Amino acid sequence: MPRPTVAQLAYGSATVICSTIAMLLLSRTSAGPGVGVIAVSALILGVFVAMSVPKPKPAAPAPGPAPERPLAATLASPAASGATESTREPVREPAGP
């Protein structure tokens, strides 16, 4: 499961706190089971709110043309690499039948 973002944690926590206070004030309950039901329902509501916060999309890299290099700069010539005719391997003919 991916980690929650800061926005998800903030919205979920604020929902739990505000909904708990609102439900306790509206219900005027002071009994243990009533407070427990309100606390559990506020936690469930906070989880739903946190899961509904949209996740940010990853930033797309900026497209740009690749720099063009001349062909001569990318391929080394035999003269530039120091190879001579005597150091090259001779071409071998395939063996006959």
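Residues numbered from 1 in each chain as written. Predicted model: local features only at pLDDT ≥ 70, side-chain atom pairs only at ≥ 80, totals over all residues. Heavy atoms only, no water.

1. Quick look at the environment of Thr15
Then comes step 1: Mapped onto the elements, Thr15 comes out in helix H1 (residues 6-27).
Then comes step 2: Judged by relative accessible area, Thr15 falls into the buried class, the value being 17%.
Then comes step 3: Taking C-alpha positions, Thr15 is 7.2 Å from Leu45, a pair spaced 30 residues apart along the chain.
Then comes step 4: Residue contacts for Thr15: discarding those within four places in its chain leaves Leu45, Gly46 and Val49. (Helix = DSSP H or I, 4+ residues; strand = E, 2+ residues; numbered from the N terminus. Buried < 20%, exposed > 50% of the residue type's maximum accessible area, 1.4 Å probe, protein only. Contact = heavy atoms within 4.5 Å.)

2. Thoughts on unusual backbone geometry
In terms of backbone geometry, most residues other than glycine have negative phi values and most peptide bonds are trans.
Then comes step 1: Despite not being glycine, Arg28 has its phi angle at roughly 55°, a positive value.
Then comes step 2: Relative to the elements of secondary structure, Arg28 occurs in the loop between H1 and helix H2 (32-52).
Then comes step 3: Here Arg28 falls in the exposed class, since its relative accessible area comes to 76%.

3. A few points about H1
Then comes step 1: Under the 1.5 Å per step criterion, the end-to-end length of H1 is 31 Å for 22 residues, consistent within 8% with the ideal 32 Å.
Then comes step 2: All of the buried residues in H1 are Gln8, Gly12, Thr15, Val16, Ser19 and Thr20. Here the buried residues of H1 occupy an arc of 120° about the axis, which is enough to place them on one side. When the buried face of H1 is taken as reference, the exposed residues oriented beyond 90 degrees from it are Val6, Ile17, Cys18 and Leu25.
Then comes step 3: Where H1 is buried, its residues touch H2.
Then comes step 4: Once H1 ends, the next one or two residues include Arg28, with phi positive near 55°. (Expected span 1.5 Å × (residues − 1). Arc of directions from axis to C-beta.)

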